[in-house]
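Inside the fold
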Amino acid sequence: MNFLGATFSSSSAGPGSAAVSWSLAEKAKFPPNGKPNAQRIAEYFTPAVREGAKGRFKLNMMEGNWCAAGACFAAMKVVGSEDLEKAGLPHAYRVSGKELEEDAIKHGAWLPAADVLKGARPNVGDLALFNRGDPQDWTRHVGRVLEVNPNSYKSIDGNGVGAAWWVADRLWTAENLRGFVRYPASLGSMSSRMGIVAGMLMIAAGAAFVWGVTRVKSGPRR
């Protein structure tokens, strides 16, 4: 698949991988459990947009469930732009998992849970979306794939346990899994710059990962 000329592949390099590194480093900034303060959470929300009758507009939110906003903030830090689609990602800056899913479908970057059950797998850095309650409801939980294993995977989630950045263990067969937003393997001319950013972030993220990984059962947090 491709979006704006970017190739989706099994490569661990690219904006998704860099966003994982950024998220782990962000978790480490808020000891002991990775819970950001209200001012930082407001920063996560500030660039968020939504579609309206007169076109796209900024939401001007300051607080709320921030799993989607945190994931988009990480992506923004990696690509260097609030306009994530223009930067080459398959979604806009959203505060809603439902909107992230709709964006991914529109851009041909959606990997549904049904395909995962048949053996398809996301890549490190792809977004994971889960039902939060009734599957027919609009509510979602959002994480980012940190590690891919044969029977399970790890994700780094905003607004996880304790309303904090949280590393979770999940099964591919979890009933609440909706699917994954596939990230491009590279963003053309941006890729070299992101490689430098990712390298710098990995230094901090390595330490964060050692103490920050806590195994939990499948299921999103509100």
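All figures in this text were calculated on a predicted structure; none of them were measured in a lab.

**Some words on the sheet that holds strand β8 (residues 152-157)**
The sheet built from 6 strands is open, its strands ordered β5-β10-β6-β7-β8-β9 with antiparallel pairing. What marks the edges here is a single partner per strand, and that holds for β5 (110-112) and β9 (166-171). Taken over all neighbouring pairs, the strand axes of this sheet differ in orientation by 35 degrees on average, direction set aside. In the sheet, strand β6 (residues 127-131) pairs with strand β7 (residues 140-148) via 5 bridges, with the strands oriented antiparallel. Within β7, the position partnered with Leu-127 by the bridge is Arg-144. On the sheet, helix α1 (residues 15-28) packs against β7, β8 and β9 and is oriented at approximately 105 degrees with respect to β7. Each of β6 and β7 is contacted by helix α3 (residues 67-79), which is oriented at about 45 degrees to β7, the strand it contacts most.

**Quick look at α1**
End to end, α1 covers 20 Å across 14 residues, agreeing with the expected 20 Å (1.5 Å per residue, within 8%). In terms of burial, α1 is largely enclosed, as 12 of its 14 residues are buried. Every buried residue of α1 is listed here: Pro-15, Gly-16, Ala-18, Ala-19, Val-20, Ser-21, Trp-22, Ser-23, Leu-24, Ala-25, Glu-26 and Lys-27.

**Comments concerning the packing of α1 against α3**
Two elements in contact, α1 and α3, have axes whose closest approach is 9 Å; the angle formed by their N-to-C orientations is 115 degrees. Considered as vectors, α1 and α3 are oriented roughly perpendicular to each other. Crossing handedness for the pair α1 and α3: right-handed. From α1, Pro-15, Ala-18, Ala-19, Trp-22 and Ser-23 reach across to α3, where they touch Phe-73, Ala-74, Ala-75, Lys-77, Val-78 and Val-79.

**Digging into unusual backbone geometry**
Cis rather than trans, the peptide bond between Pro-31 and Pro-32 has omega equal to 5 degrees. Within the secondary structure, Pro-32 is located in the loop between α1 and α2 (38-45). Even without glycine at this site, Asn-60 takes up a positive phi of about 60 degrees. The residue Asn-60 is located in the loop between β4 (55-58) and α3 in this model.

**What to know about the nonpolar core**
Ranked by size, the top nonpolar core spans 41 residues in total, and within it Tyr-44, Leu-84, Leu-127 and Val-142 carry the most contacts. A total of 11 residues in this core trace back to one element, the largest contributor, which is α3. Within the second largest apolar cluster, 10 residues are counted, among which are Ala-113, Ala-128, Val-145 and Leu-177.

**Notes on the confidence of the model for the chain**
Averaged over every residue, the pLDDT of the chain is 84; the share at 70 or more is 76%. Every residue in residues 1-11 scores below 50 in pLDDT, and together they form 30 contacts with partners more than four places removed in sequence or on other chains. Contacts of residues 189-222 to residues separated by more than four positions or lying in other chains number 65 contacts, the stretch itself having pLDDT below 50.

**A short note on the side chain of Arg-94**
In this structure, Arg-94 sits in the loop between α4 (84-87) and α5 (97-106). Within the structure, Arg-94 has its side chain in polar contact with the side chain of Glu-51 (distance 2.8 Å). Not counting residues within four places of it along the chain, the set of residues in contact with Arg-94 comprises Val-49, Arg-50, Glu-51, Arg-56, Ala-68, Ala-69, Cys-72, Glu-99, Leu-100 and Asp-103.

**Quick look at the packing of aromatic side chains**
Under the counting rule described, the total for this entry stands at 9 aromatic pairs. Through a chain of ring-to-ring contacts, the aromatic side chains of Trp-22, Tyr-44, Trp-66, Phe-73 and Trp-165 assemble into a single cluster. Directly above the aromatic system of Phe-130 lies the positively charged group of Arg-170, at a separation of 4.2 Å from the ring centroid.

Quick notes on the rules
Residues numbered from 1 in each chain as written. Predicted model: local features only at pLDDT ≥ 70, side-chain atom pairs only at ≥ 80, totals over all residues. Heavy atoms only, no water. Pairing = 2+ DSSP bridges. Helix = DSSP H or I, 4+ residues; strand = E, 2+ residues; numbered from the N terminus. Axes fitted to C-alpha atoms, helices over the stretch in contact; angles between N-to-C directions. Contact = heavy atoms within 4.5 Å. Expected span 1.5 Å × (residues − 1). Buried < 20%, exposed > 50% of the residue type's maximum accessible area, 1.4 Å probe, protein only. Parallel < 35°, antiparallel > 145°, perpendicular 65-115°, else oblique. Left-handed = near helix turned anticlockwise from the far one by under 90°. Core = buried A, V, L, I, M, F, W, Y, C linked by side-chain atoms within 4.5 Å. pLDDT = per-residue confidence, 0-100. Polar contact = N/O pair within 3.5 Å; in protein donor to acceptor, adjacent residues only side chain to side chain. Phe/Tyr/Trp six-rings, centres within 6.5 Å; stacked < 30°, edge-to-face > 60°. Lys NZ or Arg CZ within 6 Å of the ring centre and 35° of its normal.

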